[in-house]
Every structure is written in C-alpha cells, then in structure tokens.
Amino acid sequence: DELDQVVDDDGALAARVTARAYWGAKHPYGRAVRGTRSSLASITTDDLRAFHRDHLTSAGAVFGVAGDLDAG
C-alpha cells in the first residue's frame, strides 16, 4: 500500500526519481528505501526468519525507563 501512495504523491515520486538520477541505481541513495514491487514479492518466509535471527537480538539492546519511580 505504501508503494501505491508514493506513486500518487508527486513530491515523493519526484524525490525518488531525482535521487536515482543523481546517485545512480547502484548507489544506496539511488535505491528505493521501501523496495519495489518485484523486490517485495521475492522475499520469502525463510528470508524473514534469517533477518530476524541475524539482526533482531537482545545483543546491544538498550532498555530505558523514565518517570517518577519508587525504588522501594
């Protein structure tokens, strides 16, 4: 749905086309951040599991608490 919204938003579409023209399709800044229809369609369940296993871990996580807390 978000890809459809980009196509309907002239400003977002212009920014995407300009970035690709300036940086080129192979540079990270020239690629679509949200992916493309074909790249999204090619993602498999195994791809998602591997990404989760490799990147979504507690290593390096930060847990923050704010507010009026009673230590007792």
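Everything discussed here concerns the structure shown above.
Bear in mind the structure is a predicted one, so any value in this text is a computation, not a measurement.

(A) Looking closely at the packing of aromatic side chains. Throughout the structure, instances matching the rule amount to 2 aromatic pairs. Between the aromatic rings of Tyr22 and Trp23, the centroid separation amounts to 5.0 Å while the plane-to-plane angle is 85°, which identifies the pairing as edge-to-face. On the basis of relative accessibility, which here comes to 65%, the residue Tyr22 falls in the exposed class. Between Trp23 and Tyr29, the aromatic rings sit 5.0 Å apart at their centres with planes inclined by 80°, giving edge-to-face as the arrangement. On the accessibility criterion, Tyr29 (54% relative accessible area) is exposed. Three or more aromatic residues joined by ring pairs form one cluster here, namely Tyr22, Trp23 and Tyr29.

(B) Layout of helix H2 (residues 10-23). The terminal C-alpha atoms of H2 lie 20 Å apart, and with 14 residues this matches the ideal 20 Å at 1.5 Å per residue to within 8%. The N-cap residue of H2 is Asp9: its side-chain oxygen and the backbone nitrogen of Gly11 are 3.1 Å apart. Gly24 occupies a position one or two residues after H2 and carries a positive phi of about 95°.

(C) Local environment of the environment of Thr36. Along the chain, Thr36 turns up in the loop between H2 and helix H3 (37-41). Once you skip the residues sitting within four places of it in the chain, Thr36 turns out to touch Leu3 and Arg16.

(D) Structural context of the pattern of salt bridges. Applying the stated criterion across every chain yields a total of 2 salt bridges. Residue Arg53 pairs with Asp54 through a salt bridge whose shortest N-O separation is 3.1 Å. Residue Arg53 is classed as exposed on the basis of its relative accessible area, which comes to 56%. In this structure Asp54 comes out as partly exposed when scored by relative accessible area, which is 48%.

(E) Structural context of a nonpolar patch on the surface. Taken together, Tyr22, Trp23 and Tyr29 make up a surface patch of nonpolar side chains, about 420 Å² in accessible area. With respect to the helices, strands and loops of the structure, Tyr22 is situated in helix H2.

Thresholds, definitions, all that
Residues numbered from 1 in each chain as written. Predicted model: local features only at pLDDT ≥ 70, side-chain atom pairs only at ≥ 80, totals over all residues. Heavy atoms only, no water. Phe/Tyr/Trp six-rings, centres within 6.5 Å; stacked < 30°, edge-to-face > 60°. Buried < 20%, exposed > 50% of the residue type's maximum accessible area, 1.4 Å probe, protein only. Helix = DSSP H or I, 4+ residues; strand = E, 2+ residues; numbered from the N terminus. Expected span 1.5 Å × (residues − 1). Polar contact = N/O pair within 3.5 Å; in protein donor to acceptor, adjacent residues only side chain to side chain. Contact = heavy atoms within 4.5 Å. Salt bridge = Lys/Arg side-chain N within 4 Å of Asp/Glu carboxyl O. Patch = residues over 30% accessible without salt bridge, like charges linked within 9 Å, V, L, I, M, F, W, Y side chains within 5 Å. Areas by Shrake-Rupley, 256 points an atom, 1.4 Å probe, with all protein chains shown as cover.

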